[in-house]
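Spelled out, the chains give:
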Amino acid sequence: MVSAGAGNKKAFGLDRGSNNYSDLEYAEVIIVAGANVSETFPTLTHWIWKARDRGAKLIVIDPRVIPLARTADLHLDVKPGTDSALYGAMLNYLHEKDLLDHDFINNHTSGFEETLAAVKTHTLSWAEQVTGIQKEKIQQAAEWWGKAKTSFLLHARGIEHHSKGVDNVVGCINLVLATGRIGKPYCGYATITGQGNGQGGREHGHKCDQLPGNRDITNPEHRKYIADVWGIEEKDLPGKGLSAYEIIEAIHRGEIKGLLTICFNPLVSLPNSNYVREALEKLEYYVAIDFFLNETARHADLVLAGSLQEEEEGTTTSAEGRVIKINKAIDPPGDAKTDTSIILELASRLGAKDKFTYENSEAIFNELRVASKGGTADYYGITYQRIVENMGMFWPCPSLDHPGTPRLWEDRKFKTPDGKAHFNPAPYRPPGEVTDNEYPVVLTTGRVVSQYLSGTQTRRIGKLVGQYPEPQLEIHPELALKFGIEQREVVKVSTRRGEGLFPANIVDTIRKDTVFIPYHWPGKLSANLLTPGTLDPVSKIPEFKVCACKLEPQGHIAPPAEKSSAFKSS
Amino acid sequence: MREENVSNVNMEFFVDMQRCIGCKACEMACAECETNGHESMIHVNYVDRAHTIQTTVQVCMHCEDPVCANVCPADAISKDEFGIVHTANSERCIGCSNCVQACPFGVPKKQESYDLMMKCNMCFDRTSIGKKPMCATVCPSGALYFGTREEIAEMRPNSTPVKRFVFGEEIVNTKVNLMMPKGSTELKVF
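Computed from a predicted structure; not experimentally measured. (Residues numbered from 1 in each chain as written. Chains lettered and ligands numbered in written order. Predicted model: local features only at pLDDT ≥ 70, side-chain atom pairs only at ≥ 80, totals over all residues.)

Turning our attention to the overall build of chain B. The secondary structure content of chain B amounts to seven helices and nine strands. Scaling as 2.2 N^0.38, a compact globule of 190 residues should have a C-alpha radius of gyration of about 16 Å, and chain B matches this with 16 Å. The principal-axis extents of the C-alpha atoms in chain B amount to approximately 45 × 45 × 35 Å. Taken across its 190 residues, chain B has 39% of its residues classed as buried. In chain B, the proportion of contacts linking residues at least 24 apart, taken out of those at least 6 apart, comes to 52%. (Helix = DSSP H or I, 4+ residues; strand = E, 2+ residues; numbered from the N terminus. Rg over C-alpha atoms; globule rule 2.2 N^0.38 Å. Buried ≥ 20, exposed ≤ 12 C-beta atoms within 10 Å, placed from the backbone. Contact = placed C-beta atoms within 7 Å.)

Laid out in C-alpha cells, this is it:
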C-alpha cells in the first residue's frame, strides 16, 4: 500500500509529512532521496531554491543525475536497492563522531540502541562497496547532516517502491530522530506524495486496513466508533482486506472472482503486467469506473463513465497534510456521471440507500469530519468555510476553534502507544532480485514530467505526447558500448517476467550499472512487463524500483520519436 | 491605459538558466494563447542531452537595438516605446528568415504554415495591463521571474541580473535580464 505511511506509523504513530514546505525556507541542509522532484513534483523546486538562495546545502540521492541533482551540492548516485545501506552507514557515522542530539534521543525516543546495533557493521567502506557511492561523499553527507542546525529530509517512490520500502523509510526517519531536528521551525521531514490527493486518500479508507481518521480496522474501539457513525452493527463491518497487488494474486488463486475498480489502470501501473492481464482474464465479472476507457477497462464486463476532478466538488489533501477545496468547473459530458453519484446509486441498488442520504458534497465531508474525530487524522475542526477562508487547513484539527497543525510534533507528544518517537532497526538486506550472469544489468523505473501515472489522461493530450512520445531506455555510454548498443537503436529488454522493445537513449546522466525506463505506457511499451511483484512484507508495496534485466540490441535504429506509435490510437 | 503602462515599467523579466528543470510548463502555457495561433513562443532545449540534463529556456531578450529588426528587408519588425520587440507584421513579413539567422539568442522562428516570423512579445497584451507574462506565472522552479529589481535582489542574494551580452566584438544590451553569479556585469560568448 504505502511504505511511507507504514514507516511513519511505526516511527511517529501517525501518517503525514511532519511539516509544511515553508519550513524548507531556512533549512541549512536538505536531503532529497529517491524523489525526481523536478519531474514529479515540480512546484517543490522553488521552495528548495529559496533555501539554497539562503545558503542551504542540497544533497540529492538518486541513481540518475535528475534535473535537481545537476546543480546539487552533493549527488549520491546510489545503486538501486541499496538505500538502507547508505542510511545505516550515515547513522553509524553520526554515532561515531557523536553528531547526535542526546537530549532528544533520551527524552523523546525509544529503540535507539537496538537501531544503532543493527547497523554497527555499516562502515563507510562497506557502504561504498554496497551502494557504489564513494565513501568520501557518504562521509560528506553525514558531516553536513550531523552538523546542521536546521534541516529537511524529503523522500518519495525512489526509496519506497521496494521490497524493503519500509526499511528505507525508517532508515531516513532514524537520521532525523538521531539529530533531533523535527517539530521545530525549519526542521522537517516528509514524504512527497505521488499523485493528487495521494495523502488524503490513504487517510480515510483507500487502504484495506483502515477506517476513517486513519483508524485501525482491527481495533475493536475504532470499529465500534465508526459503526456508530455509520449507523450499522459493528459485526457488519468487514475485516482487514487485501492490498492492490494481493488482490491480483488472490484472483489468480481463484479466491476473488469479481472486481470493481475506480480510476485504476493496473495493466499499466502494477508490476509484471502479463501476470496482471492473466488475472483480469480470470475474473467472472469486472466493473470499471473511469473517465476514459483505459487499457484495463477494456477487460471489463461493464464500464461506467465517471468524472474528472474538474467535474465534481470536494476536497483534496496535499502532501503537506493541507486540506484544499476543489470546485466543480463543468458538468460531466454525455451520459457520464460524477463518481460520487455512481457510488450512491450502487449503494441504493445494494439496499443501503438510507445510509447514503447526502444532500451535497459538503454533507459527505461533514460526515467524514465526524468519522475522523478522535482519530490521528482528525478533520473535525475543518469545514468547507474554514478551508476557503484559510486557503486550506492542516490536520489534525480537532475542534472548530483549532487553527490546524502545519508543523507536527512541536509538543513532543508522538502518537505511538508510549508517546515517544520510535527508532526502528533497518539493517541492509538485498533487493528481491539481484543481477547474475543471465540478467546482468540493474533495471529501475520511474516517471517523466509530461505524463501522469498510467497515462489515462495525459497520453491523450497531443502536446504532452509530443514532449516525450515513447518510453526510452536510458543507458550509460560505457554500458551501451559493452553491449554494442547505438544511440536510438531498438533494444530488447528482458527479465524473468517479460520483455519489451525500447529505443536507447545513451546518456552520461545515469549509473554505469543501471538502466532506466519510464512506466506510463501500455502493451509492448510497458516498463511494467519487466518489473517484479515482490512485495514489502509490511506495506505490501511492489518492488518497482529494482530488478535484474538482460539487454539485446536488435540491429536497427528506431524511427524518429515524432513518428512513434504513441501518436496513434491503440 | 497610458498611466498603467508607465507604472509597470518597474517590472522586469529575469531568466535563470541554472534553475530550468526542462518541464516545459512555460511552453504549454504560452501555446494556450490564441494570439500566437497556439504555438509556443518560448523555447526549452537540451544543451547536450548525451552529457547533461541541462536545459535552457529562451524568451525574447528584447534588445535595445534589435538585430532582427535591423536586418529585416521589409521593415516588418518593430520595437515599441516600451522596448518590446514585436512579432513580424503579417502584412509586411516576406518570410525571408533573415531575422531567424541574425538573432544572437535564436528567438525568432519562421512558422512555415503561416509563412510568417513569430516571436515572443513578452505577453504585451498582459504586461501592458499589469499582468505577468504567462510563462513566468507557471514556472515552478523560478527559472522565469517577472517582478521588480528590488524583489529579485532580496530573493536571490547570490545572483546578479545582467543585461549586457558580448558576442565577440558585438555588444548587445537587452531589456530582459539573465541571472548570473553575484557581481557579474556581462555575459561574454566567445
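Here we come to the interface of chain A and chain B. With 20 residues of chain A at the contact, the number on the chain B side is 22 residues. Every element with two or more residues in the side of chain A that touches chain B is listed here: helix 2 (37-40), helix 3 (45-53), helix 4 (67-70) and helix 20 (462-467) of chain A. Top contributing element to the side of chain A that touches chain B by residue count: helix 3 of chain A, with four residues. By residue class, the composition of the side of chain A that touches chain B is eight nonpolar, seven polar and five charged. (Nonpolar A, V, L, I, M, F, W, Y, C, P; charged D, E, K, R; others polar.)

Residue and element names in this part refer to chain A. Helix 11 (residues 165-178) packs onto helix 5 (residues 83-96) with a crossing angle of 20 degrees between their chain directions and a minimal axis gap of 9 Å. The angle between helix 5 and helix 11 places the two elements in the roughly parallel class. In this structure, helix 5 crosses over helix 11, and the sense of that crossing is left-handed. Contact residues: helix 5 offers Asp83, Ser84, Tyr87, Gly88, Met90, Leu91 and Leu94, while helix 11 offers Asp167, Asn168, Gly171, Cys172, Asn174, Leu175 and Ala178. Residue classes in the contact of helix 5 with helix 11 are distributed as seven nonpolar, five polar and two charged. (Axes fitted to C-alpha atoms, helices over the stretch in contact; angles between N-to-C directions. Parallel < 35°, antiparallel > 145°, perpendicular 65-115°, else oblique. Left-handed = near helix turned anticlockwise from the far one by under 90°.)

All names here are of chain A. One can read the domain layout of chain A as domain 1 (3-192), domain 2 (198-394) and domain 3 (441-567). Computed from C-alpha atoms alone, the centre-to-centre distance between domain 1 and domain 2 is 32 Å. Taken residue by residue, the interface counts ten residues in domain 1 and ten residues in domain 2. Residues that form the side of domain 1 that touches domain 2 fall into these classes: four nonpolar, four polar and two charged. (Domains from an automatic or database assignment.)

Between its first and last C-alpha atoms helix 11 of chain A spans 20 Å; for 14 residues at 1.5 Å apiece the expected length is 20 Å, and the two agree. The buried count for helix 11 of chain A comes to 14 of 14 residues, which makes it a mostly enclosed element. (Expected span 1.5 Å × (residues − 1).)

What follows deals with the sheet that holds strand 10 (residues 285-290) of chain A. Residue and element names in this part refer to chain A. Strand order in the open sheet made by the three strands is 9-10-11, with parallel pairing throughout. Each of the sheet's edge strands pairs with one partner strand only, and the pair in question is strand 9 (258-262) and strand 11 (302-305). Each adjacent strand pair in this sheet contributes to an overall mean axis angle of 10 degrees, direction not counted. The pairing of strand 9 with strand 10 spans five bridges and is classified as parallel. Opposite Gly258, over in strand 10, you have Tyr285 as the bridge partner. (Pairing = 2+ DSSP bridges.)

Let us look at the nonpolar core. Ranked by internal contacts, the top residues of the largest apolar core, which has 101 residues, are A:Ile30, A:Ile59, A:Leu86 and A:Met90. For A:Ile59, the contacting residues outside a window of four places in its chain are A:Val29, A:Ile30, A:Ile31, A:Ala72, A:Asp73, A:Leu74, A:Leu76, A:Ala141 and A:Trp144. One finds B:Cys23, B:Ala88, B:Cys103 and B:Leu144 within the second-largest nonpolar core, a separate group that totals 49 residues. (Core = buried A, V, L, I, M, F, W, Y, C linked by C-beta atoms within 7 Å.)

Further remarks concern the pairing of strand 10 of chain A. Each regular strand displays side chains that alternate between the two surfaces of the sheet. Pairing of strand 10 of chain A with strand 11 of chain A involves four bridges; the strand directions are parallel. Looking at strand 11 of chain A, one finds that A:Ala288 is bridged to A:Val303.

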